[in-house]
Structures are given as C-alpha cells and as structure tokens.
Amino acid sequence: MKVRTRVAPSPTGDPHVGTAYMALFCLAFARQHGGQFILRIEDTDAARSTPESEQQILDSLRWLGLDWDEGPDVEGPFGPYRQSERVAQGLYQQYSDQLIENGHAFKCYCTSERLDEMRKAQTEKGEFAKYDGQCIHLSAADHAEHLKSETPFVVRMVIPTQGTCIVKDKLRDDIEIDWSQIDMQVLLKSDGNPTYHLAVVVDDHLMEITHIIRGEEWINSAPKHILLHQYLGWDMPELVHMPLLRNPDKSKLSKRKNPTSILFYQRMGFLPEAVLNYLGMLGWSMPDGEEKFSFQEMVDSFDIDRISLGAPVFDVDKLTWLNGRWLRESLSDDEFADRLVDWAYNRENLLKVIPLIRERVDVFTELAGKASFLLEGMPELTEADLQIKNLEPEDVLKILQFALWKSEALRTWERDLLNDLFMQLAEQMDRKVRDVLAPIFVAIAGSPVSPPLFDSMAILGPDMCRARLRHSINILGGVGKKKMKKLEKEFNALGR
RNA sequence: GUCCCCAUCGUCUAGAGGCCUAGGACACCUGGUUUUCAUCCAGGCAACAGGGGUUCGACUCCCCUUGGGGAUGCCA
C-alpha cells in the first residue's frame, strides 16, 4: 500500500503553527514510507475563507520546507485540491444525494431558532445536545411542499439510535463512543456547500489518503467519519490523533494568548529549520535523545510510536535556544550573511523603511537608531517607559488592551485601515487621539518618538504588532481574569 | 451538564515490570574559560497527581479519585 497523508487547513486566518505541526508529522510519516503528502485547502466556509489567507498558508509551509507532492499549486492526479473548486464540480452534492437515496441522510428544514431552543432545553436537562430528529420522519408530501415553497434546508446524516462506535487510533487503545453521543451532523449546508465532515470523507477517499494524521480535537467526530465511509462503502483510512499544542496555561494554543502565526516566528528571525526541529521535538523524540535534528534526520529515525500523548506547551524560550544552536552550529559566516539578507537586510525591505526615516535624519549614522525598532523583536521597556503624560496607569493598560482587541478584529492589515481603527477607538473612548495613541507608540516603537505609527505598524505586520502590544501589557503586570472580564464588557459596550 | 482524550522536574521529554538512588534538555542558581558580554565547560535545584489492587517486585498493568484538555455549530 502506498502511504498518502494530507494536511487540510482552512484559509480563515493567519497560518497557524498547529497546521505546520500536523503537516510536519504527515510529511515525516509519508516520507518514511516512501509515500506522498498532499495539501488540500478546506475553504467550504465561504464567509470566512480568503485567498490572502490561503496564500499565506502556502507561503509559510513552503518557508518551513514542508513541501507537498500535490496541492492547489502543484498539479496532481486527484485535483482540484481546493474544496471550493470541488464544490463547483458538484462532487459533494452527488454523494449527498446518494446518501439521501439510500436512507443514510435526510433533508432538514428546521430553523436555527428552533435548534437553539432545542439545544438549550436539552442542556438544561443535563442531556447531550443534539438534533431531535424532527425532519427525519417527514413524508414525501411534506418534502414536496417544502420544495414548492423553497424552504431552505440542510442535509443531515442518519445516526444509529443505539450501540457503540469503536474508533481505532494508531496511538491509543480502541476508543468507544456511544452513538447516543453523536449528533445527526449537517453534511450539506443551506448554501449548498458541504460541511467539513462530508468534504473530508469524500476527499480523503477520492484522494486515496491512507493515514489521517490530525489533531486530537477530532476524536469525537471520528464516528461520523467512520459511519460515512460505511454508508458510502469505502475503506476507512487509519487514524492518528496528535496531541494539541498548548498555551503556557495548558489551554489549546490560541492567538489570544500567544503568537500562533508562522509568519510571526519568521518575522522574529527564527530559522525555518529550527522551527521545524522544535515542532518535531514536541510530542516526539529521537531514539538517542538528541534534540537538534534536521527534517531528514527526523524522517530517517521516524517512528510513529515514539509520539507521546501528553499535550506539549509551546515554549518560545526553548525554541529560541534551539534556534541559537542552528545559527551557531549549522551556518557558516557566508550562509549567515545570506540568511540575514533574505530575512530583512535587503533592498526591498529597506525601501519600505526609507520613506519613513529619511525626513528624520540628517546623516546616515542617525538611521540605525531611528529604524532599529523595525528590525527588532520585543522592545526593551520598563514600567516607567509606559508612564504616559495625562494618563493613569490603569488607562494605559486599558488602551493597550483595547488596541490589541481592535487589532485582532482587523481582517486586512493596511495603513489606512489601522488609521481608521484607532481614530475610531479614540472617538469611542471619548479621548484625544494623541492620548490614545501615546501608549501604543511606546508599545510598538519602544519610544514615544518614532516614525509614523500606522506606517510602522503596517511594515511590522499584525503578528509583531499584537505581540508587542501584549508584551507591554505584560510589563504593566498584565490583566487578571477579573479585570479582563470587566474590560471585555466595557470594550463590547464601545460598539463597533 | 453529557461524552471523549490525557497525566514523569516550572517547561520539552527518556522510560515497554526488576537496568530507577528516575536519565537528558530548556529555564533558573553557582563556579571556570573569556579584556567585557555572549558562547563554551563543570556543578546545583527540581518530577513519577492521590488512593486502592495485580505481582516476589511497579513510573511502567488494572480500577477509582483528582487534575488538565477537547468535543458538544449550517467553523474547521
């Protein structure tokens, strides 16, 4: 059997290190067995998917060297590799129809209001919230009537009313999940797009995926996937559920608490081989215990049974140490110079910076000091640096937190949009623009005197800016749980 | 609430019943090398969540408790 693995990110935000983590193990496993690794774009959520995000995912996985054998930009025999294009071919519709025909799925006309109420009532009774099956009993006449009145509908899958599903996972004992705990999953949304559950099953089968390596968060939906394979008469691929990367507080790694974007680590000046090495040592180890290893070395000694199931905390300190080793031990001076130029010390990057700096210098020697913040990581700040004229320390903290939230909501990171965003914030907070911007200047530029803020932020990019805002918030002692709730309330009251 | 997964130093991990007085690494502390700093070297601190079994013998196997996490969407 030829091994084929896949990673299937949805292009709905920044390229996540979790995606790279899964891709790394998929690739390592595939390479170890002389198999193939496929990149598939799961853009069935029309409202949230963007082409920019897709491009970033492609770029950052490629930056890491996680090259795919087939994907949206690499021709392959099982294309297209973008689900939206597969939707256009009517691929999922066809299987959805087949499932309905065979009595494995049904059309459901229930409104979201009714479903909300139903779930609420079930939860209150201490039950597992799931669809109550109302539309499963509809007669042919009922369906005809709905068809005539063009009632929007979804397609749901039929779930056994009793018994247990056994989920086989290569890394753990058999998992038993009662069918009563499985909802009659929507397969086709009312807009005609498939949900993840239908799309993943159809595509994995059609693309001849043999091993599904994915996050632990999917264990509970595995029964749906197994059942769909049965309904369609297909063989189920082998399952490997990887542990989830965690924040220092052990919750699932999230951008609210940590920089999660691969772009951030690139921007911070990490080497791709070090990042990959670090991801590889989370949940996996070399047989001889060596911590520094290249991807090829990982493949050469790869053994899926050496994956440990405890949830690893993503520790930037250790990544930094490892990156230092790569820098010192694996690069010649020549290569070091080349990498540095590739990274940021190049003409293209300089041309972004010069327009902001040239008016502010008289001789070249002044340049480094004024532009350094654009090439640095976290600015070195103390609490004293964040004492701002006209503002109480509480206000500074609040402004920074609000700025962070505002910036998290921003979809496209551009100068003018940033400008609008913070003008709006000042207005909503009923404060002078200058006062609101002052702490943000310090947090971003490391000094109250700096080139224009929004241009600088645009150059630094969203991840670096968010990280710096968070950095300053932490310097001020951070925001406790209680205070966070209060601030959140206040923030939401600002309106949009 | 219900279901599922997981559990070794603060963090990443080694450990497949006796090799464990639990090993390595990051972080931290101490000392050495270095004009300084960094690197490097040497050393130190620090863990088997708790309770029951099984066994001649449990970090390792089983059960319970606790803790953490996840799922519970017309998001993936």
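Each chain has its residues counted from 1, running along the sequence as written. Chains carry letters and ligands carry numbers; both start at the beginning, A for chains and 1 for ligands, and go up in the order they are written. The predicted nature of this model means local features are confined to residues of pLDDT at least 70 and side-chain atom pairs, given and counted, to a pLDDT of 80 or more, with totals for whole chains, interfaces and linings taken over all residues. In computing side-chain properties, one takes all heavy atoms of the structure into account and sets aside hydrogens as well as water.

## Quick word on the overall build of chain A
Right, on to step 1. Every helix listed is a DSSP run of H or I at least four residues long, and every strand listed is a run of E at least two residues long, numbered separately from the N terminus. Within chain A, the secondary structure is distributed over 20 helices and nine strands.
Right, on to step 2. For chain A, the C-alpha atoms occupy an extent of roughly 80 × 55 × 40 Å along the three principal directions.
Right, on to step 3. Partly exposed describes any residue whose relative accessible area lies between the buried limit of under 20% and the exposed limit of over 50%, with all areas from a 1.4 Å probe on protein chains only and scaled to the type maximum. Per-residue burial for chain A yields a buried fraction of 48% across its 496 residues.
Right, on to step 4. Taking the intrachain contacts of chain A between residues at least 6 apart in sequence as the baseline, contacts between residues at least 24 apart amount to 76%.
Right, on to step 5. For the area figures, the Shrake-Rupley method with a 1.4 Å probe applies, and any residue is considered shielded solely by the protein chains shown. When the accessible surface of chain A is summed, it comes to about 24600 Å², and 50% of that surface belongs to carbon and sulfur atoms.
Right, on to step 6. Here chain A holds 59 positive side-chain charges and 77 negative ones, and the gap between their average locations is 5 Å. Throughout, a contact is declared for two residues whenever any of their heavy atoms are within 4.5 Å. When charges are tallied, Lys and Arg are placed among the positive residues and Asp and Glu among the negative ones, while His and the ends of the chain are skipped. A single reference atom marks each charge: NZ on Lys, CZ on Arg, CG on Asp, CD on Glu.

## Focus on the nonpolar core
Right, on to step 1. Among the nonpolar cores identified, the biggest contains 104 residues, and Phe25, Phe422 and Ile440 are the most heavily contacted of them.
Right, on to step 2. The biggest single contributor to this core is helix 1 (residues 17-32), with 12 residues.
Right, on to step 3. Domain start and stop positions are those given by an automatic or database domain assignment. Taken domain by domain, the makeup of this core includes at least three residues from each of domain 1 (4-71 + 246-329) and domain 3 (373-494).
Right, on to step 4. Phe25 has contacts with Ile213, Met242, Leu279, Gly280, Leu282, Trp284, Met298, Phe302 and Ile307, leaving out every residue within four places of it along the chain.
Right, on to step 5. The nonpolar core is taken to be a set of buried Ala, Val, Leu, Ile, Met, Phe, Trp, Tyr and Cys residues, with the residues joined through side-chain atoms within 4.5 Å. Counting 48 residues, the second largest nonpolar core, distinct from the first, contains Phe106, Tyr131, Val201 and Ile209.

## Remarks on the packing of helix 16 (residues 393-409) against helix 19 (residues 453-475)
Helix-helix packing is characterised by the crossing angle of the two axes and by the distance between the axes.
Right, on to step 1. For helices, the axis comes from a line fit to the C-alpha atoms of the stretch in contact; other axes are also lines fit to C-alpha atoms, and the angle between any two N-to-C directions lies between 0 and 180 degrees. Two elements in contact, helix 16 and helix 19, have axes whose closest approach is 9 Å; the angle formed by their N-to-C orientations is 155°. Taken together, helix 16 and helix 19 sit at an angle that is classed as roughly antiparallel. Here helix 16 and helix 19 pass one another in a crossing that is left-handed. In contact with Leu397, Leu400, Gln401, Ala403, Leu404, Ser407 and Glu408 of helix 16, helix 19 contributes Arg466, Leu469, Arg470, Ser472 and Ile473.
Right, on to step 2. Only Asp, Glu, Lys and Arg are considered charged in this grouping, and only Ala, Val, Leu, Ile, Met, Phe, Trp, Tyr, Cys and Pro are considered nonpolar; every other residue, Gly among them, is considered polar. Class assignment for the residues of the contact of helix 16 with helix 19 results in six nonpolar, three polar and three charged. Orientation labels follow simple angle bins: below 35 degrees gives roughly parallel, above 145 gives roughly antiparallel, 65 to 115 gives roughly perpendicular, and whatever is left gives oblique. Two helices that cross are described as forming a left-handed crossing if the nearer one is turned anticlockwise from the farther one by less than a right angle, and a right-handed crossing if clockwise.

## So, the environment of Ser372
Right, on to step 1. The topology assignment puts Ser372 in the loop between helix 15 (367-371) and helix 16.
Right, on to step 2. Its relative accessible area of 25% is what places Ser372 among the partly exposed residues.
Right, on to step 3. For the pair Ser372 and Ala445, spaced 73 residues apart in sequence, the C-alpha separation works out to 9.0 Å.
Right, on to step 4. Side-chain polar atoms of Ser372 contact the backbone oxygen of Gly369, separated by 3.3 Å. We call two N or O atoms a polar contact when they sit within 3.5 Å, provided that within protein one can donate a hydrogen and the other can accept it, with sequence-adjacent residues counted only if both atoms are side-chain atoms.

## Description of the protein's contact with RNA strand B
Right, on to step 1. Taken together, 49 residues lie around RNA strand B, and Arg119, Lys189, Glu216, Gly283 and Glu291 are the ones closest in.
Right, on to step 2. Ser10 is positioned with one of its side-chain polar atoms (N or O) 3.2 Å from a sugar or linking oxygen of RNA strand B.
Right, on to step 3. One nitrogen or oxygen atom from the main chain of Ala129 is found 3.2 Å from a sugar or linking oxygen belonging to RNA strand B.
Right, on to step 4. Across the surface near RNA strand B, the residue classes break down as 18 nonpolar, 11 polar and 20 charged. The near set for a molecule or strand comprises every residue that places at least one heavy atom within 4 Å of it.

## With respect to the side chain of Ser49
Right, on to step 1. Within the fold, Ser49 resides in the loop between strand 2 (36-39) and helix 2 (51-64).
Right, on to step 2. One polar contact links the side chain of Ser49 to the main-chain carbonyl oxygen of Asp45, over a distance of 2.9 Å.
Right, on to step 3. For Ser49, the residues in contact, after removing those within four places along its chain, are Pro11, Thr12 and Asp43.

## Focus on the sheet that holds strand 4 (residues 154-157)
Right, on to step 1. Read from one edge of the open sheet, three strands run 3-4-7, paired in antiparallel fashion. Among the strands making up the open sheet, the edge pair consists of strand 3 (105-108) and strand 7 (186-188). Here the strands of the sheet are splayed against their neighbours by 45° on average, with no regard to which way each runs.
Right, on to step 2. Relative to strand 4, strand 3 is paired through four bridges, and the arrangement is antiparallel. Each bridged residue has a counterpart across the sheet, and for Phe106 the counterpart in strand 4 is Arg156. Pairs of strands are assigned from DSSP output, requiring at least two bridges between the strands.

## Here's the deal with the pairing of strand 2
Right, on to step 1. In this structure, strand 1 (residues 4-7) lies alongside strand 2, joined through four bridges in parallel fashion. Paired with Arg6 across the two strands is Ile38, which belongs to strand 2.

## Focus on the domain arrangement of chain A
Right, on to step 1. Entries for chain A in the domain assignment read domain 1 (4-71 + 246-329), domain 2 (90-236) and domain 3 (373-494).
Right, on to step 2. Summarising the inter-unit geometry, the C-alpha centres of domain 2 and domain 3 are found 44 Å apart.

## Quick look at the pattern of salt bridges
Between side chains of opposite charge, a pair can form as their charged atoms come close.
Right, on to step 1. Criterion for a salt bridge: a side-chain nitrogen of Lys or Arg within 4 Å of a carboxyl oxygen of Asp or Glu. Evaluation of the coordinates by the stated rule reveals 34 salt bridges.
Right, on to step 2. Beyond isolated ion pairs, a larger network of salt bridges with shared partners links Arg6, Arg40, Glu42, Arg86, Asp203 and Asp204.

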